[in-house]
Protein chains: 2
Amino acid sequence: MRNLKIYIAYDGSCYHGWQRQENNITVQQVIEDTLLRILGERVTAHGCSRTDAGVHAREFCMTVRTDNPIPCPGLVRAMNGQLPDDIAVKSCEDAPEDFHARFSSKGKEYVYIINTAPVRDVFANRHALHYPHPLDVPRLDAAAKLYVGERDLAAFCRAESLAQHKTTVRTVYSAGMERCGDRVTFTVSGSGFLHHTVRIMVGTLLWINEGKISEDNITKAFAAGDRELLGVTAPPDGLYLNKVLY
Amino acid sequence: MRNLKIYIAYDGSCYHGWQRQENNITVQQVIEDTLLRILGERVTAHGCSRTDAGVHAREFCMTVRTDNPIPCPGLVRAMNGQLPDDIAVKSCEDAPEDFHARFSSKGKEYVYIINTAPVRDVFANRHALHYPHPLDVPRLDAAAKLYVGERDLAAFCRAESLAQHKTTVRTVYSAGMERCGDRVTFTVSGSGFLHHTVRIMVGTLLWINEGKISEDNITKAFAAGDRELLGVTAPPDGLYLNKVLY
């Protein structure tokens, strides 16, 4: 049986995240329904990650098992011909039998985009957080470095989702913030993240920027596992799954 | 009576153009309804141009007459607070009594964005034309220069709209095409354009690129006024009103 490794990109604005749900439209459902029409069989698309509603992906990896002999370039063309404009297949290849989009992953990189221009960018609507305030990027870049290392991320998790994680310890490989004109980008990579982790990391940096909490709260939150020490959960609009590491 | 000169930007994806219509939502309607809530009176927003359904504007100028003493910065803030995310007010100032967004204009600049990457950009969905084919930009840039000058644009007009134009002669100030990576931009400025002119200019360049017609057709079309000599009307998604000249 073939094991197809497929990379897609999607604008998550109109989807309730990746994972199939009972009553909401999700990227997984659209992908699997498209594959049903092309392959003539219902297959499961195993994604590298769940993403939240409204979160985007520049490079999302999924694996699909099938006996269908369709050549990879033909499958890419057929999928791009049938998928809606906000989902695109970037590549497809036959992967080794034991490769799995999620379990083979060594980590992920996310970016979060903040637009600091006084007036919102109507063309980046739902693709960035509009934050028309002074932003002390060097200070927040330094604060972001506190995220790096082997960390207990319990405080950086949506409370309702804590129970679903067997362990809350992850390794954050790198984190930083940089400015390019009005556009500020927070980039973080790590072995894995809990539910809402990156959005809480961003919201915490914004609260530090606003003087509502201090950098010490980050260190304290790692030790105490207390969500209350941190900032708001930033909205999903600015968040992109940028890369999966294998 | 005050004469307010207001610059806005909008993502036209969800609107049936600028001009108020009976049964479709338009940018003018949203602007005037917003101004009604803020000023407490129904005013007319005189736009610099009609734009087609789906066409965008980076800098669209409009004039509004009112006796309301609201300071300009306050009006900008109030409008941005109430407008949907795909329309933004960039600036507002008191203009001389005789200034009119449309009649005072000396011309307009449009850009048309073409994405030539093999796979569509899911984040530029409805903001560019996806054209995953070789594009001979130096050749088309040379062809675009044929548009420049005092021209009878009758052939470059939607047939059903010809009658509404008193004269079809306009002066095209500049035209050209340039590439930046996968992104190709056609830019044209002129004293004015007829209905669909810029989209027909773009479609004509694409047909020249595909060998369906030759550069000579442009010259012949100016002389004969024959729409049949030209290429398709390119879709609205890639078109932006970039600047109004006063």
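What counts as what
Residues numbered from 1 in each chain as written. Chains lettered and ligands numbered in written order. Predicted model: local features only at pLDDT ≥ 70, side-chain atom pairs only at ≥ 80, totals over all residues. Heavy atoms only, no water. Helix = DSSP H or I, 4+ residues; strand = E, 2+ residues; numbered from the N terminus. Buried < 20%, exposed > 50% of the residue type's maximum accessible area, 1.4 Å probe, protein only. Contact = heavy atoms within 4.5 Å. Areas by Shrake-Rupley, 256 points an atom, 1.4 Å probe, with all protein chains shown as cover. Lys, Arg positive; Asp, Glu negative; His and termini not counted. Charge placed at Lys NZ, Arg CZ, Asp CG, Glu CD. pLDDT = per-residue confidence, 0-100. Domains from an automatic or database assignment. Buried area = accessible area lost by both parts, 1.4 Å probe. Salt bridge = Lys/Arg side-chain N within 4 Å of Asp/Glu carboxyl O. Polar contact = N/O pair within 3.5 Å; in protein donor to acceptor, adjacent residues only side chain to side chain. Nonpolar A, V, L, I, M, F, W, Y, C, P; charged D, E, K, R; others polar. Least-squares fit on C-alpha atoms with pLDDT ≥ 70 in both. Axes fitted to C-alpha atoms, helices over the stretch in contact; angles between N-to-C directions. Parallel < 35°, antiparallel > 145°, perpendicular 65-115°, else oblique. Left-handed = near helix turned anticlockwise from the far one by under 90°. Disulfide = S-S within 2.5 Å. Phe/Tyr/Trp six-rings, centres within 6.5 Å; stacked < 30°, edge-to-face > 60°. Lys NZ or Arg CZ within 6 Å of the ring centre and 35° of its normal.

Draft legend 1. Examining the overall build of chain A more closely. The helix and strand inventory of chain A stands at five helices and 10 strands. Considered along the principal axes of its C-alpha atoms, chain A spans approximately 60 × 40 × 30 Å. Looking at chain A as a whole, 55% of its 246 residues are labelled buried. In chain A, 70% of the contacts between residues at least 6 apart in sequence involve partners at least 24 apart. Of the roughly 10,900 Å² of accessible surface on chain A, 50% is carried by carbon and sulfur atoms. Distance between charge centres in chain A, computed from 28 positive and 29 negative side chains, equals 1 Å.

Draft legend 2. Structural context of the confidence of the model for chain A. Per-residue pLDDT for chain A has a mean of 95; in total, 100% of the residues score no lower than 70. Confidence estimates for the predicted assembly give a pTM of 0.88 and an ipTM of 0.86.

Draft legend 3. Highlighting the domain arrangement of chain A. Residue and element names in this part refer to chain A. Domains assigned within chain A are domain 1 (2-94) and domain 2 (107-245). For domain 1 versus domain 2, the distance between C-alpha centres works out to 27 Å. Each side of the interface is counted separately: domain 1 has 15 residues, and domain 2 has 19 residues. Between domain 1 and domain 2, the buried area comes to about 1,400 Å², and carbon and sulfur atoms account for 48% of it. Of all residues in domain 1, the largest losses of buried area upon contact with domain 2 belong to Asp52, His56 and Arg58, amounting jointly to 42% of the total for that side. With a shortest N-O distance of 2.9 Å, Arg199 and Asp52 are connected by a salt bridge. Between domain 1 and domain 2 we count 13 residue pairs in polar contact (both at pLDDT 80 or more) in total. For the side of domain 1 that touches domain 2, a count of residues per class yields six nonpolar, four polar and five charged.

Draft legend 4. Structural context of the relation of the copies chain B and chain A. When chain B is fitted to chain A, the residual RMSD is 0.0 Å, and the transformation amounts to a turn of 180° plus an axial shift of 0.0 Å. Such values leave the two copies arranged in the relation of a two-fold axis. Most of the interface of chain B is mirrored in chain A: 100% of its interface residues are interface residues there too.

Draft legend 5. Expanded view of the packing of helix H1 (residues 27-39) of chain B against helix H2 (residues 72-82) of chain B. Residues and elements named next belong to chain B. Their axes nearest at 10 Å, the elements H1 and H2 cross at an angle of 120°. If you check the angle between H1 and H2, you find them oblique. For H1 against H2, the interelement crossing comes out right-handed. Taken together, the residues of H2 that come into contact with H1 (itself represented by Ile31, Thr34, Leu35, Arg37, Ile38 and Leu39) are Leu75, Ala78, Met79 and Gln82. Tallied by class, residues from the contact of H1 with H2 come to seven nonpolar, two polar and one charged.

Draft legend 6. Inspection of the interface of chain B and chain A at higher detail. Across the boundary between the two partners, chain B contributes 22 residues, which contact 22 residues of chain A. Taken together, the two surfaces of chain B and chain A that pack against each other cover about 1,700 Å², and 60% of this comes from carbon and sulfur. Summed over the three residues of chain B that lose the most area to chain A, namely Arg120(B), Val122(B) and Phe123(B), the buried surface amounts to 43% of that side. Scanning the region where chain B abuts chain A turns up zero salt bridges. Remark: the boundary between chain B and chain A carries eight residue pairs in polar contact (both at pLDDT 80 or more). Sorting the residues of the side of chain B that touches chain A by element identifies strand S1 (2-10), strand S3 (56-66) and strand S4 (87-94) of chain B as the ones contributing at least two each. Considering each element in turn, the side of chain B that touches chain A owes the most residues, four residues, to S4(B).

Draft legend 7. Representation of the state of the cysteines within the structure. Residues and elements named next belong to chain A. Under the criterion given, the structure shown has zero disulfides over all chains. Considering cysteine sulfurs only, Cys72 is the nearest to Cys92, which forms no disulfide, with 3.4 Å between them. Overall, Cys92 belongs to the buried group, its relative accessible area being 14%.

Draft legend 8. A look at unusual backbone geometry. Residues and elements named next belong to chain B. For Arg126, which is not a glycine, the phi torsion comes out positive at approximately 70°. Along the polypeptide, Arg126 turns up in the loop between strand S5 (107-115) and strand S6 (129-130). Even without glycine at this site, His196 takes up a positive phi of about 80°. Assignment of secondary structure puts His196 in the loop between strand S9 (183-190) and helix H4 (197-209).

Draft legend 9. The pattern of salt bridges, seen in detail. Residue and element names in this part refer to chain B. Tallied over the full model, the rule gives 18 salt bridges over all chains. Residues Arg65 and Glu97 are paired through a salt bridge, measuring 3.2 Å at the closest nitrogen-oxygen approach. Of this pair, Arg65 sits in strand S3 while Glu97 sits in the loop between S4 and S5, and the two are 32 residues apart along the sequence. Judged by relative accessible area, Arg65 falls into the partly exposed class, the value being 33%. Note that Arg139 is salt-bridged to Glu215, the shortest N-O span being 2.7 Å.

Draft legend 10. Spatial organisation of the packing of aromatic side chains. If you walk through the whole model with that rule in mind, you get 16 aromatic pairs over all chains. Measuring from centroid to centroid gives 5.6 Å for Tyr110(B) and Phe193(B), while their planes differ by 85°, and the two rings are edge-to-face. With a gap of 83 residues between them, Tyr110(B) in strand S5 and Phe193(B) in the loop between S9 and H4 connect regions that are remote in the sequence. Per residue, the accessibility class of Tyr110(B) equals that of Phe193(B), and both read buried. On the numbers, 6.3 Å between centres and 80° between planes, the contact of Tyr147(B) with Phe186(B) is edge-to-face. With Tyr147(B) in the loop between helix H3 (137-145) and strand S7 (149-152) and Phe186(B) in strand S9, this residue pair connects regions lying 39 residues apart in the sequence. For Arg58(A), the ring lying beneath its charged end belongs to Tyr240(A), and the centroid distance is 4.6 Å. Above the ring of Phe222(B), the side-chain terminus of Arg151(B) is found at 5.1 Å from the ring centroid.

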